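Here's the letter readout for the chains.
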Amino acid sequence: MRKKHDWMRETYQKSTERMPERKVAHRTLSNIAPDPLYTPEDIEPFDYEKKLGYPGEYPYTRGVYGSMYRSKLWTMRMFAGFGTAEQTNERFKKLLAAGQTGLSVAFDLPTLMGYDSDHPLSKGEVGKCGVAVSSLADMEVLFDGINLEEVTTSMTINSPANAIWGMYLALAKKKGYDWKKLGGTIQNDILKEFIAQKEFIYPPEPSVKLVIDTFEWGPKNVPKWNFISVSGYHIREAGATAVQELAFTLADGFAYVEAALERGLEIDYFAPRISFFFDVHNDFFEEIAKFRAARRIWATEMKERYGAKNPRSWMLRTHAQTAGVSLTAQQPLNNIVRVAIQALAAVLGGTNSLHTDSYDEALALPTEEAATIALRTQQIIAYESGVTHTIDPLAGSYYVEWLTDKVEEEARNYIEAIRKMGEGTPYPTLYGVIRGIENGYFQREIADASYRFQQEVESGERIIVGVNAFKDEKEIEVPILTIDPEVERVQAERLARVRRERDEKRVKEALEGLRQAAVTGQNTMPHFVEAALAYATLGEMMDVLRKVYGIYEEPVMV
Amino acid sequence: MDRKIRVLIAKPGLDGHDRGAKVVARALRDAGMEVIYTGLRQTPEMIVSAALQEDVDAIGLSILSGAHMHYFSEVKRLLDEQGASDILLFGGGIIPDEDVPKLLEMGVAAVFGPGTLTQDIVDFLKREVPKKWAKAGL
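As the structure is a prediction and not an experimental result, all values here were calculated from the model.

How each quantity is defined
- Residues numbered from 1 in each chain as written.
- Chains lettered and ligands numbered in written order.
- Predicted model: local features only at pLDDT ≥ 70, side-chain atom pairs only at ≥ 80, totals over all residues.
- Heavy atoms only, no water.
- Helix = DSSP H or I, 4+ residues; strand = E, 2+ residues; numbered from the N terminus.
- Rg over C-alpha atoms; globule rule 2.2 N^0.38 Å.
- Buried < 20%, exposed > 50% of the residue type's maximum accessible area, 1.4 Å probe, protein only.
- Contact = heavy atoms within 4.5 Å.
- Areas by Shrake-Rupley, 256 points an atom, 1.4 Å probe, with all protein chains shown as cover.
- Lys, Arg positive; Asp, Glu negative; His and termini not counted.
- Charge placed at Lys NZ, Arg CZ, Asp CG, Glu CD.
- Patch = residues over 30% accessible without salt bridge, like charges linked within 9 Å, V, L, I, M, F, W, Y side chains within 5 Å.
- Salt bridge = Lys/Arg side-chain N within 4 Å of Asp/Glu carboxyl O.
- Core = buried A, V, L, I, M, F, W, Y, C linked by side-chain atoms within 4.5 Å.
- Buried area = accessible area lost by both parts, 1.4 Å probe.
- Polar contact = N/O pair within 3.5 Å; in protein donor to acceptor, adjacent residues only side chain to side chain.
- Nonpolar A, V, L, I, M, F, W, Y, C, P; charged D, E, K, R; others polar.
- Pairing = 2+ DSSP bridges.
- Axes fitted to C-alpha atoms, helices over the stretch in contact; angles between N-to-C directions.

Visitor: I'd like a rundown of the overall build of chain B, residues and numbers included.
Guide: Of the regular secondary structure elements, chain B holds five helices and five strands. Since a compact globule built from 138 residues should have a radius of gyration of about 14 Å, the 14 Å found for chain B is in line with a globular shape. Expressed along its principal axes, the backbone C-alpha trace of chain B runs to roughly 40 × 30 × 25 Å. By residue count, 56% of the 138 residues in chain B fall in the buried class. Taking the intrachain contacts of chain B between residues at least 6 apart in sequence as the baseline, contacts between residues at least 24 apart amount to 71%.

Visitor: An account of the overall build of chain A is needed here, citing residue identities and associated values.
Guide: Scanning chain A from N- to C-terminus turns up 23 helices and nine strands. Scaling as 2.2 N^0.38, a compact globule of 558 residues should have a C-alpha radius of gyration of about 24 Å, and chain A matches this with 24 Å. Overall, chain A is about 85 × 60 × 50 Å in size when its C-alpha atoms are taken along their principal axes. Sorting the 558 residues of chain A into buried and exposed places 61% on the buried side. In chain A, the share of contacts with a sequence separation of at least 24, taken over all contacts with a separation of at least 6, comes to 78%. Here chain A displays about 21,400 Å² of accessible surface, and carbon together with sulfur accounts for 53% of that area. Put simply, chain A has 66 plus and 80 minus side-chain charges, and the middle of one group is 3 Å from the middle of the other.

Visitor: Before we move on, could you go through a negative patch on the surface and cite the residues and values that matter?
Guide: Together, A:Asp472, A:Glu473, A:Glu475, A:Glu477, B:Asp97 and B:Glu98 line one region of the surface with negative charge. By the secondary structure assignment, B:Asp97 is in the loop between strand S4 (88–93) and helix H4 (100–106). Judged by its relative accessible area of 56%, B:Asp97 falls in the exposed class.

Visitor: An account of the nonpolar core is needed here, citing residue identities and associated values.
Guide: One broad rule of soluble globular proteins: the nonpolar side chains tend to lie buried together. Counting 154 residues, the largest nonpolar core has A:Met139 and A:Phe215 as its most contacted members. Tallying contributions element by element places helix H11 (residues 242–263) of chain A first for this core, with twelve residues. The contacts of A:Met139, once residues within four sequence positions are left out, are A:Val133, A:Met155, A:Ile164, A:Met167, A:Tyr168 and A:Leu171. In terms of nonpolar packing, the next biggest core, distinct from the first, is built from 23 residues, B:Ile47, B:Ala51, B:Leu61 and B:Ile95 among them.

Visitor: Run through unusual backbone geometry, naming residues and quoting values.
Guide: Residues and elements named next belong to chain A. In the segment running from Glu-44 into Pro-45, the intervening peptide bond is cis, with an omega of -10°. Within the element layout of this structure, Pro-45 appears in the loop between helix H1 (4–18) and helix H2 (48–51). Not every positive phi belongs to a glycine, and Asp-392 is a case in point at roughly 45°. By secondary structure assignment, the location of Asp-392 is in the loop between helix H16 (368–383) and helix H17 (398–421). Given a relative accessible area of 7%, Asp-392 falls into the buried group.

Visitor: Describe the interface of chain B and chain A, naming the residues involved and giving the relevant values.
Guide: Chain B puts 35 residues into the contact, and the matching count from chain A is 43 residues. Summing the contributions of chain B and of chain A, the shared interface buries around 3,100 Å²; its carbon and sulfur component is 57%. In terms of surface lost to chain A, no three residues of chain B exceed B:Leu14, B:Arg19 and B:Arg26, which account for 26% of the buried area on that side. Inspection of the chain B/chain A interface yields two salt bridges. Among the salt bridges present, the one from A:Lys198 reaches B:Asp18, with a minimum N-O distance of 2.7 Å. The interface formed by chain B and chain A holds twelve residue pairs in polar contact (both at pLDDT 80 or more) in total. Taken together, the elements giving at least two residues each to the side of chain B that touches chain A come down to helix H1 (19–30), helix H3 (68–81) and helix H5 (118–135) of chain B. By residue number, the principal contributor to the side of chain B that touches chain A is H1(B), which donates eight residues. Among the residues making up the side of chain B that touches chain A, the classes are represented as 13 nonpolar, 13 polar and nine charged.

Visitor: Which residues make up the sheet that holds strand S3 (residues 58–63) of chain B, and what are the values?
Guide: All names here are of chain B. Across the sheet, which stays open at both edges, the five strands sit in the order S2-S1-S3-S4-S5 with parallel pairing between neighbours. A strand with exactly one partner marks an edge of an open sheet, and here the two such strands are strand S2 (34–37) and strand S5 (110–112). With strand direction ignored, the average angle separating the axes of adjacent strands in the sheet is 20°. Strand direction decides the pairing type here: strand S1 (residues 6–10) and S3, joined by four bridges, are parallel. From the neighbouring strand, Val-7 faces S3, where its bridge partner is Ala-58. Those strands touched by H5 are S1, S3, S4 and S5, and its axis lies near 170° from that of S4.

The quantities given are spatial measurements derived from coordinates; they are silent on function.
What follows is the structure, encoded as structure tokens:
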């Protein structure tokens, strides 16, 4: 066969002499510069069994399930939450009626930071970017009329994850549901909070301890629950490249594995319930490569480095969300198209669950109409596009396979660098990640990447339609969701009623039990459930631990 | 013209999304300004006190949580109360168009939404801050 090199010289070069390459960045969002063409020689030697294997089989490059979307489509899980528990409950019911297959709760910032709605620091923030949940009483309203054994519920909650999960389980218990039948996910990924989203409360080490409490307690008590969703989404949104997102997320995943091993847990006891969450951004093929590489790296590391024996421990099951950061406030309807392309990449990458962003999210929280279009986008891909007929349909594409290898190689280099930072400890990934957080390594890497991207946009090297090219003089107005300022008052009243009507003695004892567990290093989960049942507030629970663990402040850098 | 523009970039409230704040801080620094970045979780009191202490010409608030009306009005109120109304207050983040006129009326000098080129913020400060100096006879 004629060599690519010869084609480049004889044909491509001549072509570009006549018609020069366009002056835009021929580089992926991770700064990988692909060739103009890929051929069999670019992926040689290609060991099919080792690199890809079959769907549902090690190393799962082609998908974690044997029959993938032919049997079960990805879960269409739209993230929702705003205002009061009543308002969000109403939105949930509408989404379920529209054909959504799982719930996903967005909490407001006070809840995410472990403050009750009536705390002074909550002022102005209650119900703004999610729903406010300060006690079991809010949880009761939030899931009113929803059968917890029939839906699966994902909750985006991190530092206060134990407390919020405790409230959900307390609700299930009160309503007579069997914990063994409950399905869902708590995000519970504190490492990426330190790295990117910054909703942390306690220092890294006790924060990881709280996460490992769920690893230890979860499989026995709520066996179908994913007690962690190791998240690259926020890392990417903070400005990381696809490669950094992949590398930092997997490093976080390995760090939790090592922390659980340090606790003395058996790997195959907890690893099958570790789940993931990735961003899906604009660079179509790079995103597909990222999902495929993620599954391959996770499987090989879990099997070969950590010695997991249960195939379920090797499977990287993931949720995906289209890239909020890629949405533009200019010409917002264009975002519908961006979301469709990104969602298609997630599906071709073999995601197990997907949230599609609404076109108005660069302006505010989504309106109901906008959220419906986003859900319909998934349904059109699922039912009309035909991409679900065949599993991993892009496998064997010279470019996609080359790019999958390239993304894997670059991600592995980062993971090695992180493990180097943890050298000399028995758990180099865990302590590498913690040191990287404390010395600002991740934050610096991400800030550098986001600044580089911004400069590319400013110089016009990267085109963003409607932002630095193809601008419209006249902007289209879109309807905006506004949050009723009454939320703060409604929440404060409910909290006051909870505090008035509950059994104070039971609250005191439950909080003391939690404190003791934290001080002595026992598992905190049973105490969170008991405190929730006693109607202790979120703020009260988190304050107990603030006193034991202290609070964390990150190094400030630009 | 060797006087350098001094800017405080601040993240008020509980929101931890600091990508925009950091990008803007770097861009202003690269444009030759003195930039102080507060870090996360600042109360309006902390922001105004930092601004006075650092003797800044302008404060930029970055808010993506939807709590912008509250934080801008608090910072503005405290600036007025401290006799520091001459400090230019601007900001950006996820701010619906319909709130922008209300913020401008409140005395916020400019609001930069998603997709703003950092050069536009640089140009704005290089235009407005010297006007303010001229007024103060500096």
